[in-house]
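So you can see what is in the structure, the chains are spelled out below.
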Amino acid sequence: MVTNGMSETSLPLSTLLSADDIPPVHESNAAGRSPFLFTCDHYGRRLPKALGDLGLPEEELTRHIAWDIGIAGVVERLSRELDVHLIAQRYSRLVIDCNRPPSAVSSIPRLSEATTIPGNEAISREEADTRRRDIFDPYHRRIGEVIGARLAEARPTILVSLHSFTPVYAGVARPWHIGTLYHHDRTLPPLLLGSLRKEGDLVVGDNEPYAVSDVTDYTIPVHGEARGLINSGIEIRQDLIADESGQQQWAGRLARILGEMETVLRAQRVI
Ligand SMILES: [Zn+2]
């Protein structure tokens, strides 16, 4: 923990990120004209300097518990190809999970899969608040602002939250190549499921490997559903997008599918 260096008579304000740390919010193609808006909660695996390595060896900090392997390479290409504004978060989900309500136990996990996170074990309320204020809040504030500005201009906005999932979790292999994740939206998920199934070579998860809920998720309930946007999450299995050729292939496939979806939604005058 570092302080802002104010004298003792000033209001003490602890900070997590220092001048040596990069900002949590990453954006690409902010002037993109597409009706889609992409978010990527688990885009990066950076750690603030003040947290060291959270007490974990490098092999834990590079595996799926720390971030969504491969998704950054997919979402950047997809954003370029479809001219979509992307808002992503660069710090590891082990620092604070940007797709969990801050009140959830898994927001700052003490245990992830079978790995204990020593740097999160004895965390104080103040330290937890600081992680939220420096990483979680700016990311979600920015998404909220961008959606607000688009709604004010009456720009059609379809929120797609992109993730990737580990092929094996707690010893159990997952058969799906890709899954759609949703809660209340009845517009985008069925279209997306239909298009993915039509591909013919994919095992498609319908709310698999996870379903979205208000308790376990944040981005879709807060930015999609509460603001009345058409929305869906997309989860791609990590072994398919671990290298550049896989990322390129999946970005190309999803660009085609989302492009077709935009045409359908425009024809239906939904957007
Ligand atoms: Zn994720």
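This one's a predicted model, so the numbers in the text were calculated from it and none came from an experiment.

A. Spatial organisation of the coordination of the zinc ion. Bound to the zinc ion on the protein side are His42 (ND1), Asp68 (OD) and His163 (ND1), at distances that span 2.0 to 2.1 Å. Sequence spacing of the donors to the zinc ion: H-x25-D-x94-H. Placement of the pair is His42 in the loop between β4 (36-40) and α1 (58-61) and Asp68 in the loop between α1 and α2 (71-82), with a sequence separation of 26 residues. By relative accessible area, which is 2% here, Asp68 ends up buried.

B. Fine view of the confidence of the model for the chain. In this model, the chain carries a mean pLDDT of 94, and residues with pLDDT of at least 70 account for 95%. No element of the chain has a lower mean pLDDT than strand β1 (residues 2-3), which averages 46, and none a higher one than strand β5 (residues 85-89), which averages 99. Note that pLDDT drops below 50 for residues 1-9; the model gives that stretch ten contacts with residues more than four away or on any other chain.

C. Expanded view of the packing of helix α5 (residues 188-198) against helix α7 (residues 244-267). Relative to each other, α5 and α7 sit at 130°, their axes nearing to 10 Å. Our classification of the angle between α5 and α7 gives oblique. Here α5 runs over α7; the crossing is right-handed. Contact with α5, carried on its side by Leu188, Leu191, Leu192, Ser195 and Leu196, involves Leu254, Ile257, Leu258, Met261, Val264 and Leu265 of α7 and no other residues of that element. Here the contact of α5 with α7 is built from residues that sort into ten nonpolar, one polar and no charged.

D. Representation of the pairing of strand β11 (residues 178-181). Burial along β11 is two-sided: the face carrying Ile178 and Thr180 and the face carrying Gly179 and Leu181 are both buried. In the sheet, β11 pairs with strand β12 (residues 204-206) via three bridges, with the strands oriented parallel. Note on β12: the bridge partner recorded for Thr180 is Asp206. Inspection of the sheet shows β11 paired to strand β13 (residues 230-237) by four bridges, in the antiparallel sense. The residue bridging Leu181 from the neighbouring strand is Gly233, located in β13.

E. Representation of the nonpolar core in the model. Counting residues in each nonpolar core, the largest one holds 36 residues, and the members touching the most others are Phe38, Ile178 and Ile236. Residue assignment for this core shows that the elements contributing at least two residues are β4, α2, β5, β8 (158-165), α5, β13 and α7. Among the elements that line this core, the one with the most residues is α7, at eight residues. Setting aside chain neighbours within four positions, we find Ile178 in contact with Leu196, Leu202, Val203, Val204, Gly205, Ile234, Glu235, Ile236, Trp250 and Leu254. Core analysis: the next-biggest nonpolar cluster, separate from the first, contains 29 residues, Leu16, Leu17, Leu54 and Ile123 among them.

F. Local environment of the environment of Thr219. Relative to the elements of secondary structure, Thr219 occurs in helix α6 (residues 219-225). In this structure Thr219 comes out as buried when scored by relative accessible area, which is 0%. Taking C-alpha positions, Thr219 is 8.0 Å from Arg100, a pair spaced 119 residues apart along the chain. The residues contacting Thr219, other than those within four sequence positions of it, are Thr39, Asp41, Cys98, Asn99, His140, Leu159, Ser161 and Gly224.

G. The side chain of Glu235, seen in detail. With respect to the helices and strands, the residue Glu235 is situated in strand β13. The buried charged residue Glu235 lacks any salt bridge, with Arg174 as its nearest oppositely charged partner at 6.8 Å. Separated by 3.4 Å, the side chain of Glu235 and the backbone nitrogen of Phe165 make a polar contact. Setting aside anything within four residues of it in sequence, one finds Glu235 in contact with His163, Ser164, Phe165, His177, Ile178, Gly179, Leu181, Pro209 and Tyr210.

H. Region of interest: the environment of Arg131. As for its placement among the helices and strands, Arg131 is situated in helix α4 (residues 125-152). Overall, the relative accessible area of 4% leaves Arg131 in the buried class. Beyond its immediate stretch of four places on either side in the chain, Arg131 contacts Leu16, Leu51, Leu54, Leu94, Val95, Ile96, Ile108, Gly119, Asn120, Ile123 and Phe136. A distance of 2.9 Å separates a polar atom in the side chain of Arg131 from the backbone oxygen of Val95.

I. Expanded view of the pattern of salt bridges. Taken as a whole and assessed by the stated rule, the structure comprises 16 salt bridges. For Glu244, the salt bridge is made with Arg77, and the minimal N-O distance between the two is 3.4 Å. Linking Glu244 in helix α7 with Arg77 in helix α2, this pair joins segments that are 167 residues apart in sequence. Exposure remark for Glu244: the relative accessible area of 55% places this residue in the exposed category. Note that Asp239 and Arg237 form a salt bridge whose closest N and O atoms lie 2.7 Å from each other. Three or more residues are tied together by salt bridges with common partners; here these are Asp68, Arg93, Asp97 and Arg100.

Cut-offs and rules
- Residues numbered from 1 in each chain as written.
- Predicted model: local features only at pLDDT ≥ 70, side-chain atom pairs only at ≥ 80, totals over all residues.
- Heavy atoms only, no water.
- Donors = N, O, S within 2.8 Å, 3.2 Å for Na, K, Ca; no water.
- Helix = DSSP H or I, 4+ residues; strand = E, 2+ residues; numbered from the N terminus.
- Buried < 20%, exposed > 50% of the residue type's maximum accessible area, 1.4 Å probe, protein only.
- pLDDT = per-residue confidence, 0-100.
- Contact = heavy atoms within 4.5 Å.
- Axes fitted to C-alpha atoms, helices over the stretch in contact; angles between N-to-C directions.
- Parallel < 35°, antiparallel > 145°, perpendicular 65-115°, else oblique.
- Left-handed = near helix turned anticlockwise from the far one by under 90°.
- Nonpolar A, V, L, I, M, F, W, Y, C, P; charged D, E, K, R; others polar.
- Pairing = 2+ DSSP bridges.
- Core = buried A, V, L, I, M, F, W, Y, C linked by side-chain atoms within 4.5 Å.
- Lys, Arg positive; Asp, Glu negative; His and termini not counted.
- Salt bridge = Lys/Arg side-chain N within 4 Å of Asp/Glu carboxyl O.
- Polar contact = N/O pair within 3.5 Å; in protein donor to acceptor, adjacent residues only side chain to side chain.

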